[in-house]
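# Structural features, examined
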Amino acid sequence: MPAFAARYNGITGSAIREIFKIIAQPGVISFAGGNPAAEALEDARIADLAREALSADGKRVLQYGGSEGWPQLKEEASRFLAERGVNAPPDALLPVSGTTQTIDLLCKALIDPGDTILVENPSFLGAFQTMRLYQARLSPIETDGQGAIPGALEEAIRQTHPKLVYLIPTFQNPTGVTMPVERRKAIAELAERYDIYILEDDPYRDLRYSGAELPPIHSFDRSGRVLYLASFSKLISPGLRVGVVTAPPELLRKLVIGKQSTDLHTDQLSQAIVARYLAHGYLPGHLADIRALYGERLERMLAGLDRIGLERTAPEGGLFVWCSLPEGGDARALLERAVSRKVAFVPGAHFYCDGGHNETLRLNFSNSAPDAIDRGLAALAEVI
Ligand SMILES: Cc1ncc(COP(=O)(O)O)c(C=O)c1O
């Protein structure tokens, strides 16, 4: 068999996607994945919007389009971002096929084999896989219960001269932790002082169930070094594959060129649907609904974990709670036992760029009804 490219060395595929195969079995309660609840997916409304987009603009939607994205989506997304403290005119945005693609395009534009990317440890393993395919060296940033520590980040920048710093400051995946405002300011200053790009991946910001909103790192950026990654996956639908990224003009151009060889442009029907969704003003009402739905599930999960006595984070939003088993616990072995009781979760070791931490696990609460959360946690308590 002809040899595979060296970039695939050591890359085994997403651990979560393997666990997806387990949870596809009937009757499994899944605390794995980061899926929206089925009730949160508005199929009837999206069907109406698709019909509307095709009736109004069908020939254009169905034709090849510009790699730079669907103009109406860029306008709507620019307004959406401004409401969240991210000021980016439509021309400073690139619609992408989900944040997953943003990370891919940024690596394609910026990473040569052996370049360093600094990542929170633990962090989103999907991003790790993309970065590793570009043969980046992932180096951990020290974190605590408030996310990445700016002093430690500065030290790591000095030592490793990274090309990129990847951060999820709000309701982090996997920990659910949120970075306070002083750290956000300090990190924007570091980007300017050391002239490096910070990727602010912020797909969970709108899924806040308690506490006050915080300004994004991007809102403190004066140097154009903070790139804001927004996704409509968790807010509207992951299947539509629509997100946007902000970038300064020279970098945006490189992302567009990279996109031309990846998929030419993001699906135009999806872009037109999301643009119309935002233009009709559907998002605030839908967010209120899903915040109520997920907030109740989070409370139920936290109460259940406290009954079991597992050490855990206390997220105010997002989709995940992060737990630690008692000393010597092994979440991978636990997963095997849990699956035999038809419960799944993701062992935490997968989220560490340097492995280890076998006692940790990530639990998703959005995708299980409250009574399923109770049953799943009861089964988990037994196998623990
Ligand atoms: C932090 C983070 N970034 C990106 C993604 C992927 O999002 P998208 O569907 O926009 O590719 C996820 C999904 O779980 C995530 O948790």
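Everything discussed here concerns the structure shown above.
This write-up is about the structure you can find in this document. Just so you know, these numbers come straight off a predicted model, no measurement behind them. (Residues numbered from 1 in each chain as written. Predicted model: local features only at pLDDT ≥ 70, side-chain atom pairs only at ≥ 80, totals over all residues. Heavy atoms only, no water.)

## Looking at the overall build of the chain
In plain terms, the rule: Starting at the N terminus, helices and strands are each numbered in turn, a helix being any DSSP run of H or I of at least four residues and a strand any DSSP run of E of at least two. Our radius of gyration is a C-alpha quantity, and the globule rule it is checked against amounts to 2.2 Å times the number of residues to the power 0.38. In this description, contact between two residues means that some pair of their heavy atoms is separated by no more than 4.5 Å. Shrake-Rupley sampling with a 1.4 Å probe provides the accessible areas, and residues are treated as covered by the protein chains on show and by no other component. The convention is simple: Lys and Arg are positive, Asp and Glu are negative, and His and the chain ends are not counted. We put the charge of a Lys on NZ, of an Arg on CZ, of an Asp on CG and of a Glu on CD.
Within the chain, the secondary structure is distributed over twelve helices and 15 strands. For a compact globule of 384 residues, the expected C-alpha radius of gyration is about 21 Å, and the chain comes in at 21 Å, within 12% of that figure. Considering only intrachain contacts with a sequence separation of at least 6, the fraction spanning at least 24 residues in the chain is 75%. Of the roughly 16,300 Å² that the chain leaves accessible, carbon and sulfur atoms contribute 51%. Considering the chain, the positive charge centre built from 40 side chains and the negative charge centre built from 47 side chains are found 4 Å apart.

## Considerations on the environment of Ala 381
Operational definition: Each residue's exposure class comes from its accessible area (1.4 Å probe, protein chains only) as a fraction of the maximum for that residue type: buried when under 20%, exposed when over 50%, partly exposed otherwise.
Mapped onto the fold, Ala 381 is located in helix 12 (residues 370–383). Residue Ala 381 is classed as partly exposed on the basis of its relative accessible area of 34%.

## Here we look at the sheet that holds strand 2 (residues 93–96)
Applicable threshold: Think of it this way: DSSP has to see at least two bridges between two strands before they count as a pair. The axes used here are C-alpha line fits, helices contributing only the stretch in contact, and every angle between their N-to-C directions lies in the interval 0 to 180 degrees.
Judged by pairing direction, the sheet is mixed, and its seven strands sit side by side in the order 2-10-9-8-7-3-4 without closing on themselves. Unpaired on one side and paired on the other, strand 2 and strand 4 (137–141) mark the two borders of the sheet. Direction aside, neighbouring strands of the sheet carry axes that sit 20° apart on average. For strand 3 (residues 116–120) and strand 7 (residues 164–167), the ladder comprises three bridges, and the chain directions are parallel. Looking at the pairing, Ile 117 lines up with Leu 164 of strand 7. Packed on one face of the sheet, helix 3 (residues 71–83) meets strand 2, strand 9 (226–231) and strand 10 (243–246) and runs near 110° to strand 2. With respect to the sheet, helix 7 (residues 181–194) is in contact with strand 7, strand 8 (197–201) and strand 9, its orientation differing from that of strand 8 by roughly 145°.

## Some remarks on helix 12
Worth spelling out the cut-off: A helix's residues, less one, multiplied by 1.5 Å, set its expected span.
For helix 12, with 14 residues, the first-to-last C-alpha span of 20 Å sits near the 20 Å given by 1.5 Å per residue. Those residues of helix 12 that are buried are in contact with strand 1 (29–30), helix 10 (283–308), helix 11 (331–340), strand 13 (343–344) and strand 15 (360–364).

## Overview of the pairing of strand 7
A regular strand places its side chains so that they alternate between the two faces of the sheet. Cut-off, in case you're wondering: Handedness of a crossover is defined as follows: with both strands directed away from the viewer, a clockwise route from the first strand across the helix to the second makes it right-handed.
A two-sided burial pattern is seen for strand 7, the buried positions comprising Leu 164 and Tyr 166 on one face and Val 165 and Leu 167 on the other. The pairing of strand 7 with strand 8 spans four bridges and is classified as parallel. Looking across to strand 8, one finds that Tyr 166 is bridged to Leu 199. At this point the chain moves from strand 7, through helix 7, to the parallel strand 8, and the crossover so formed is right-handed.

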